[in-house]
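These are the residues of each chain, in order.
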Amino acid sequence: MAKCSRCRQRKAKRSCPALGEELCSLCCGRHRLRDIPCPPGCPFLKGASPAPDRRDREKAEAEFWRDERLVWLAHNASRPLRVLAERLPSFTDEDAVRAMEYAREETLQAQRLILAPD
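Thresholds applied
Residues numbered from 1 in each chain as written. Predicted model: local features only at pLDDT ≥ 70, side-chain atom pairs only at ≥ 80, totals over all residues. Heavy atoms only, no water. Helix = DSSP H or I, 4+ residues; strand = E, 2+ residues; numbered from the N terminus. Buried < 20%, exposed > 50% of the residue type's maximum accessible area, 1.4 Å probe, protein only. Contact = heavy atoms within 4.5 Å. Areas by Shrake-Rupley, 256 points an atom, 1.4 Å probe, with all protein chains shown as cover. Salt bridge = Lys/Arg side-chain N within 4 Å of Asp/Glu carboxyl O.

Chemist: Whenever I open this one, the overall build of the protein chain confuses me. Can you help?
Modeler: Across its full length, the protein chain holds four helices and two strands. Written out in order from the N terminus, the α and β elements of the protein chain read β-β-α-α-α-α. Counting only residues that meet the buried cut, the protein chain has 23% of its 118 residues in that class. Here the analysis covers contacts within the protein chain between residues at least 6 apart in sequence; of these, 21% occur between residues at least 24 apart. As presented, the protein chain carries roughly 9,000 Å² of accessible surface, and 52% of it is formed by carbon and sulfur atoms.

Chemist: Please clarify how unusual backbone geometry should be interpreted in this entry.
Modeler: Comment: phi is negative for the bulk of residues other than glycine, and the bulk of peptide bonds are trans. Of note, the phi angle at Arg8 is positive, near 60°, even though the residue is not glycine. Here Arg8 shows up in the segment before strand E1 (14–16). In this structure, Leu33 is a non-glycine residue whose phi angle is positive, near 60°. Along the chain, Leu33 turns up in the loop between helix H1 (25–31) and helix H2 (54–66).

Chemist: Is there a simple way to explain the environment of Arg8 in this structure?
Modeler: Residue class for Arg8 comes out exposed when judged on its relative accessible area of 63%. In sequence terms Arg8 and Leu23 are 15 residues apart; their C-alpha atoms lie 9.0 Å from each other.

Chemist: What's the story with the pattern of salt bridges in this structure? I'm lost.
Modeler: Opposite charge on two side chains makes pairing possible when the charged atoms of those side chains draw close. Summed over the entire model, instances satisfying the criterion amount to two salt bridges. We note a salt bridge from Glu94 to Arg98, for which the minimum N-O separation is 2.7 Å. Placement of both Glu94 and Arg98 in helix H4 (residues 93–108) is noted, with a separation of four residues, approximately one turn of the helix. A relative accessible area of 53% means that Glu94 is categorised as exposed. For Arg98, a relative accessible area of 45% translates into the label partly exposed. The partner of Arg98 in a salt bridge is Asp95, and the shortest N-O contact between them spans 2.5 Å. Pair noted here: Arg98 and Asp95 are both in helix H4, with a separation of three residues, about one helical turn.

Just geometry here; none of it tells us what the structure is for.
Quick look at the structure:
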């Protein structure tokens with residue numbers, strides 16, 4: 001099997017219709033819609049979105065920590081979630097993440113403070 005035409009490290013398992021080259025799945029996902037002009041009919045594009053790069057993640061994290069309400073939420077919600085996880089064997093990390101994401105979205109909504117006043 002051929003090597004990926006981008007990274008030249010991993011096995012190329014995807015035929016890129018935009019480039020006419022063979023890519024590994026990691027490079028396909030990392031570069032799709034960013035560096036590669038994927039055609040709408042690409043079979044690997046279905047349900048995909050551009051992968052966020054490191055700078056996007058760092059920016060989002062910095063914005064999160066600037067909002068005192070979200071810092072308060074992260075600090076005060078972690079302990080009750082841990083207690084809940086100890087009491088409910090079926091409670092998973094995925095459940096905790098969903099709970100935190102829900103609380104974050106509720107907290108971020110304009111003119112709605114569900115946890116603590118400013």
